[in-house]
Each structure stands twice: as structure tokens, then as C-alpha cells.
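# A look at the structure
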Amino acid sequence: MTEQNTNKAEPEIAAYKPCLVPLKQGKRYFWCSCGRSKNQPFCDGSHAGTDFKPLMFVANKTEEVLLCACKRTRSAPYCDGAHNNLQDTYEEASADEIAAMSHAKLVKRDPANGGKAVLDGGAYVLTPDPANDTSRGTLAIQKLIDKKDGARHLSLLRMMADKGTSPWCRYDESDTVLFVVSGNGTISIEGKDFTIGPETGIYVQRGEAFRFCADTPLSLMATICPQSDQAQWPDAPDGKFDMNFPERRVGVDHDKASVMADRFFQILVDDQVGSKEITQFIGEVPLSRAAFHRHLYEEAIVILSGEGMMWTENCKAPVKPGDIIFLAKRQGHSLECTDPGGLRLMGAFYPAGSPAINY
Ligand code: FES
């Protein structure tokens with residue numbers, strides 16, 4: 001979709017989606033900033049006679065990247081998700097797309113495969129089964145996403161902390177990003193205490209020990225990155241709290257939420273609290289089906305409320321509160337909310353970035 005722009009101060013919108021392009025380390029590129037090029041996202045000289053000039057950049061890595069085509073990014077030449085704010089409506093699945101995917105097979109949970117409903121590309125939906133918990137003190141722990149499940153960078157654990165004080169836990173080589181699904185209490189990170197409650201995101205840096213003091217039973221999701229089986233259970237913390245990031249908690253704040261038409265998302269944990277590898281966000285979608293899309297990151301999603309359907313190319317599986325979804329990098333998908341009350345979810349992904357960036 002393109003739009004003619006008569007205002008010379010504004011670039012034209014070449015497309016409402018970024019362009020996925022392969023870059024070669026050390027090579028120079030000229031990114032079109034005027035939006036007129038027929039060779040998007042690169043300059044073809046069509047800016048002649050305008051106030052615009054192409055942006056020259058040198059690739060510092062050989063990799064595929066998403067370059068901005070709406071020309072409204074604030075981190076040119078890369079997409080920052082700005083295209084999502086240019087339309088009054090969020091991009092929903094078109095009638096053609098819905099018809100093309102109508103053959104998708106309904107996948108049931110498979111008890112022989114850990115209870116997963118496995119979709120295309122190793123994506124899956126899983127309802128955690130308490131029978132699979134292992135316990136340590138007041139903690140019941142269950143791994144929901146890991147290397148053996150096809151994830152390459154992150155793991156997702158469910159941690160249930162019963163009332164009282166849990167043992168100390170520490171990952172020496174991995175960051176831990178936590179999300180409180182329900183319950184109230186305190187997390188202590190190296191002896192520094194933070195009050196926590198439902199929908200709090202928390203960052204724990206590698207090498208820092210943490211434990212929970214639960215006033216009411218806490219249900220948490222822990223994203224561990226890089227993946228590790230090397231949890232340490234020390235008797236006491238050693239006081240190595242990184243004071244460069246004194247605040248580690250982020251709660252839902254509607255003033256900070258990004259609104260995309262009638263849905264919203266808010267970044268909870270990111271580099272503002274020290275998390276460089278993982279971004280965690282919370283979002284809500286109304287009764288609708290998102291347009292099919294992909295991300296350049298590996299993602300774990302937790303359904304907090306509402307019901308829906310996760311679609312991949314040829315498969316679909318229903319989701320409900322408490323379910324988790326794994327999506328490999330580049331896995332095409334579309335989450336449909338079938339609940340008149342909307343669907344609320346938490347997502348965590350690697351590498352860190354914006355959940356609004358897709359292609
Ligand atoms: S064609 Fe757009 S900047 Fe050159």
C-alpha cells in the first residue's frame with residue numbers, strides 16, 4: 001500500500017511494513033529516506049529535486065535485518081515499529097488470508113509429547129501440568145520451554161512459590177526475567193527487597209541470587225537467557241547487587257502503554273532496568289484475528305486471560321488462560337482472540353527489541 005504525499009517536508013510512505021533484507025558485513029548501503037524509490041528500502045535516485053538524501057550506512061555484520069519502509073522510524077535505517085502508528089486500524093487477517101488458512105488442521109494436545117499441541121516449525125501450545133513440577137523448598141518448578149523443545153536461546157520456567165520464604169536461586173551465566181502471574185509478596189535480589197504483585201515484571205542480572213517471600217502463593221514465569229540447567233542454590237546471597245540498575249521492577253502503567261488502534265502493549269522489562277538480552281511485554285488484544293506475521297526473534301507467550309486460537313501456516317490450536325506458546329524465530333503466526341472480553345498476554349523474546357517489529 002502506498003500513499004502520495006504532497007507535503008514536501010514529509011517523506012512518502014513506501015509501505016506499512018519493513019523490508020527484510022540480507023546485509024553483508026563491511027558493505028555500504030544507501031537507505032531511501034524519501035519513500036519514492038522503486039527499489040525499497042534502498043535509494044534509486046528518485047529523491048532528486050526533493051529535500052531528502054539517502055542515508056549511507058555500512059553493515060557491521062552479515063545478517064538479515066528489517067529496514068524501515070514507512071520512513072517514519074526513529075532509528076533509521078532500521079524499523080522501530082513506527083508503521084503501526086500510521087494507520088487507524090490494526091492490521092487484521094484479510095478475508096483472503098482467512099480463506100487461504102481455512103484448511104489449517106486443529107491440533108490437539110498430545111499426552112505422548114508432554115501435552116504439547118505442536119504446530120508448524122516446532123511452534124507449540126502447552127498447558128502446564130502440575131504433575132510435572134519438581135520442588136525445592138517452597139518452590140514448585142516446571143520447565144515449559146527449553147533446548148529439547150527446539151528453543152535455541154531462551155528457556156521458560158513456571159515457578160510457584162508457596163507462602164513463606166523460598167530458597168535462594170542464582171544463575172551465574174544467564175539473566176532471569178520474571179513475571180508475576182498472581183500472588184503477592186517480596187522478591188529479594190542479593191538482599192535488596194522489592195514488593196511484587198500481579199503483572200509485575202522483574203529483572204535479575206546473571207550472578208545475582210534471588211528468593212521470594214510470599215504473603216499469598218505466588219505464580220511466576222521465569223525466562224532464562226541464555227538457556228541453562230545450572231541453577232545454583234546458595235545458602236545466602238553474597239551481596240553483589242548491581243547498583244547501576246537499582247530498580248528492577250516494572251508494573252503496568254497505562255500512560256506508558258503503546259496503543260495500536262484498539263489494542264495495547266507495554267514493554268515491562270528491557271534495558272531500562274538492565275535487561276539487554278530479553279524484552280518482556282504485556283499486551284491485550286480485542287476480539288479479532290491478527291494478520292499473519294513473523295518476527296526476527298524467539299518468543300515465549302503466556303496467556304493471562306481470555307481465550308483464542310494460535311494459527312501457524314497449516315495448523316491451529318486453541319489457547320486459554322495459563323497456556324504458554326513457543327514460537328521459533330521467523331515462525332509465521334497469527335493469534336486470534338475469540339473472547340468478547342479480550343485476550344491478555346505476556347511475551348518475552350530474544351534478542352531484545354520491540355514487539356511491534358514484524359514482517
Ligand atoms: S530514492 Fe529515496 S532517498 Fe533516494
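Residues numbered from 1 in each chain as written. Predicted model: local features only at pLDDT ≥ 70, side-chain atom pairs only at ≥ 80, totals over all residues. Heavy atoms only, no water.

### Considerations on the sheet that holds strand 27 (residues 315-319)
Read across the sheet, five strands follow the order 5-27-26-29-24 without closing on themselves; strand pairing throughout is mixed. The open sheet has two edge strands with one neighbour each: strand 5 (105-106) and strand 24 (288-289). Inspection of the sheet shows strand 5 paired to strand 27 by two bridges, in the parallel sense. Bridging from a neighbouring strand, K105 pairs with C315 of strand 27. (Pairing = 2+ DSSP bridges. Helix = DSSP H or I, 4+ residues; strand = E, 2+ residues; numbered from the N terminus.)

### Focus: a nonpolar patch on the surface
A cluster of nonpolar residues, F30, M56 and V58, forms a patch on the protein surface that exposes about 260 Å² of accessible area. Examined against the element boundaries, M56 turns out to sit in strand 3 (residues 55-58). (Patch = residues over 30% accessible without salt bridge, like charges linked within 9 Å, V, L, I, M, F, W, Y side chains within 5 Å. Areas by Shrake-Rupley, 256 points an atom, 1.4 Å probe, with all protein chains shown as cover. Salt bridge = Lys/Arg side-chain N within 4 Å of Asp/Glu carboxyl O.)

### A word on the nonpolar core
Core analysis: the largest hydrophobic core is formed by 27 residues, its most contacted members being I145, L156, M221, V302, I324 and M346. Secondary-structure elements contributing two or more residues to this core are strand 7 (124-126), strand 9 (139-145), strand 13 (175-182), strand 18 (218-225), strand 25 (298-305), strand 28 (324-327) and strand 30 (343-350). Beyond its immediate chain neighbours, meaning those up to four positions away, M221 contacts L144, L156, L157, R158, V177, L178, F179, V181, V302, I324 and M346. (Core = buried A, V, L, I, M, F, W, Y, C linked by side-chain atoms within 4.5 Å. Buried < 20%, exposed > 50% of the residue type's maximum accessible area, 1.4 Å probe, protein only. Contact = heavy atoms within 4.5 Å.)

### Focus on the side chain of S166
Relative to the elements of secondary structure, S166 occurs in the loop between strand 11 (164-165) and strand 12 (169-171). Setting aside residues up to four positions removed in sequence, S166 forms contacts with T138, L139, R211 and F212.

### Here's the deal with the packing of aromatic side chains
For any pair of aromatic rings, geometry is given as the distance between the ring centres together with the angle between the planes. Applying the stated criterion across every chain yields a total of eight aromatic pairs. Relative to F42, the ring of Y29 lies with its centre 5.6 Å away and its plane at 25°, an arrangement referred to as stacked. Taken together, the residues span a long stretch of sequence, with Y29 in strand 2 (residues 28-31) and F42 in the loop between strand 2 and strand 3 at a distance of 13 residues. A relative accessible area of 9% means that Y29 is categorised as buried. Given the relative accessible area of 17%, F42 is considered buried. (Phe/Tyr/Trp six-rings, centres within 6.5 Å; stacked < 30°, edge-to-face > 60°.)

### A look at the sheet that holds strand 10 (residues 155-161)
On the basis of which strands lie adjacent, the open sheet formed by seven strands has the order 8-9-10-18-13-16-20 and antiparallel pairing. For this open sheet the edge positions go to strand 8 (134-136) and strand 20 (249-250), each flanked by a neighbour on one side alone. Relative to strand 20, strand 16 (residues 201-204) runs antiparallel, the two being bridged by two bridges. Opposite I202, over in strand 20, you have R249 as the bridge partner.

### Side note on the domain arrangement of the protein
For the protein, the domain assignment lists domain 1 (1-87) and domain 2 (134-240). The distance between the C-alpha centroids of domain 1 and domain 2 comes to 41 Å. (Domains from an automatic or database assignment.)

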